[in-house]
Amino acid sequence: MNRLAKRLYNIAPDPVTLTFADGSEVSLSMHSAEFFQDDLEAEGETDDGTTYRIVNGDDDETLLAARETEDGWTVVGDVTGVEAA
């Protein structure tokens, strides 16, 4: 099981801060975090109302985040850290 996904699940519904591979961070108020077998599906929102989805990648180590835009979903990148906000 993905350790970052499990950490996010354990923190939610409290706010979380995600750190990405490029060093950037985003803090989210979590709306949901659910496991479907071993795969996480989570959704949260920034203070400015931007919605993010977080899902498992193709392996047990990858956690991906995407941001909702007017054109659909845009992948932000690999999540490398999950902390309580």
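Residues numbered from 1 in each chain as written. Predicted model: local features only at pLDDT ≥ 70, side-chain atom pairs only at ≥ 80, totals over all residues. Heavy atoms only, no water.

Participant: Looking at this structure, I do not really get the overall build of the protein. What am I missing?
Facilitator: Helix and strand content of the protein: one helix and six strands. What you see in the protein, going N to C, is helices and strands ordered as α-β-β-β-β-β-β. The C-alpha atoms of the protein give a radius of gyration of 12 Å, which matches the 12 Å a tight globule of 85 residues would have. With the principal axes as the frame, the protein shows a C-alpha extent of 30 × 25 × 25 Å. (Helix = DSSP H or I, 4+ residues; strand = E, 2+ residues; numbered from the N terminus. Rg over C-alpha atoms; globule rule 2.2 N^0.38 Å.)

Participant: Help me understand unusual backbone geometry, please; the structure alone is not making it clear to me.
Facilitator: In the segment running from A12 into P13, the intervening peptide bond is cis, with an omega of 15 degrees. With phi around 60 degrees, Q37 is a residue other than glycine that occupies positive phi space. Looking at where Q37 falls in the secondary structure, it is placed in the loop between β2 (25-36) and β3 (39-45).

Participant: What exactly am I supposed to notice about the side chain of N2 here?
Facilitator: Among the structural elements, N2 can be located in the segment before α1 (3-11). At a separation of 2.9 Å, a polar atom in the side chain of N2 contacts the main-chain amide nitrogen of L4. Those residues within four positions of N2 in sequence are excluded, and the remaining contacts are N56, D59, D60, E61, T62 and L63. (Polar contact = N/O pair within 3.5 Å; in protein donor to acceptor, adjacent residues only side chain to side chain. Contact = heavy atoms within 4.5 Å.)

Participant: Help me out: how do you make sense of the sheet that holds strand β1 (residues 16-20) in this one?
Facilitator: To summarise the sheet geometry, strands pair through backbone hydrogen bonds and adopt either a parallel or an antiparallel arrangement. With antiparallel pairing, six strands are arranged side by side around a closed barrel as β1-β2-β3-β4-β5-β6. Between one strand axis and the next, the sheet turns through 45 degrees on average, direction left out of account. Sheet topology places strand β4 (residues 51-56) next to strand β5 (residues 63-69); five bridges connect them, and they run antiparallel. Bridged to V55 within β5 is L64. Of the strands in this sheet, β1, β2, β3, β4, β5 and β6 (72-84) touch α1, which is tilted by about 80 degrees from β6. (Pairing = 2+ DSSP bridges. Axes fitted to C-alpha atoms, helices over the stretch in contact; angles between N-to-C directions.)

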